[in-house]
Amino acid sequence: MKIRYIAVATAVLLFTGAAVAGPQCTDAPQSEWMSQDTMRQNLDDQGYTIKKFKVTSGNCYEIYGMDKGGVKVEIYFNPVSGEVIKEERDD
């Protein structure tokens, strides 16, 4: 019976960890990435207000902030191309 509970608990923990993990954006070396300053400027030019900007373990640029319409966003970008990989909006 204990083994069953341990197996279920392990499965729940593994599933929860997978659900929280962000996407993998690139395998390119950082020398090929757009600079963080350039990426921030591109986003500013598009009307985003950036509250937090970070590099993820999945090699993404991730922002938390607002779009030009004032909608709260969390967006993962490919740091080489600037392409949106995953976007979550609170609208």
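Now for a quick tour of the structure. (Residues numbered from 1 in each chain as written. Predicted model: local features only at pLDDT ≥ 70, side-chain atom pairs only at ≥ 80, totals over all residues. Heavy atoms only, no water.)

**Some remarks on the nonpolar core**
By size, the foremost hydrophobic cluster in this structure holds 12 residues: Ala28, Trp33, Met34, Met39, Leu43, Tyr48, Phe53, Tyr61, Ile63, Val73, Ile75 and Phe77. Of all the secondary structure elements, the ones that give two or more residues to this core are helix H2 (36-45), strand S2 (61-66) and strand S3 (72-77). Counting residues per element, this core draws most heavily on S3, which supplies three residues. Not counting residues within four places of it along the chain, the set of residues in contact with Tyr48 comprises Leu43, Ile63, Met66, Asp67, Val73 and Ile75. (Core = buried A, V, L, I, M, F, W, Y, C linked by side-chain atoms within 4.5 Å. Buried < 20%, exposed > 50% of the residue type's maximum accessible area, 1.4 Å probe, protein only. Helix = DSSP H or I, 4+ residues; strand = E, 2+ residues; numbered from the N terminus. Contact = heavy atoms within 4.5 Å.)

**Description of the state of the cysteines**
Following the criterion strictly, the structure yields one disulfide and no others. What pairs with Cys25 in a disulfide is Cys60, and their sulfur atoms sit 1.8 Å apart. Of note, the bridge from Cys25 to Cys60 carries an S-S torsion of about 90 degrees and is right-handed in sense. Placement of the pair is Cys25 in the loop between helix H1 (2-20) and H2 and Cys60 in the loop between strand S1 (49-55) and S2, with a sequence separation of 35 residues. In this structure Cys25 comes out as buried when scored by relative accessible area, which is 10%. On the basis of relative accessible area, Cys60 is assigned to the buried category, the value being 0%. (Disulfide = S-S within 2.5 Å.)

**Observations concerning the pattern of salt bridges**
Applying the stated criterion to the full structure yields four salt bridges. Residues Glu62 and Lys54 are paired through a salt bridge, measuring 3.6 Å at the closest nitrogen-oxygen approach. Overall, Glu62 belongs to the buried group, its relative accessible area being 1%. The class of Lys54 is partly exposed, set by a relative accessible area of 32%. In this structure, Arg89 engages Asp67 in a salt bridge whose closest nitrogen and oxygen atoms are separated by 2.4 Å. Here Arg89, found in strand S4 (residues 84-89), pairs with Asp67, found in the loop between S2 and S3; they are 22 residues apart in sequence, far enough to count as distant. Taking relative accessible area as the criterion, Arg89 reaches 35% and is therefore assigned partly exposed. Assessed through its relative accessible area of 12%, Asp67 is described here as buried. Each of Asp67, Glu87 and Arg89 takes part in salt bridges that share partners, so that together they form one network. (Salt bridge = Lys/Arg side-chain N within 4 Å of Asp/Glu carboxyl O.)

**A short note on the environment of Gly82**
Looking at where Gly82 falls in the secondary structure, it is placed in the loop between S3 and S4. Residues Gly82 and Thr38 lie 44 residues apart in sequence; the distance between their C-alpha atoms is 9.9 Å. Setting aside residues no more than four positions away along its own chain, Gly82 makes contact with Met34, Met39 and Phe77.

Interpretation note: all reported values are geometric properties and have no functional meaning in isolation.
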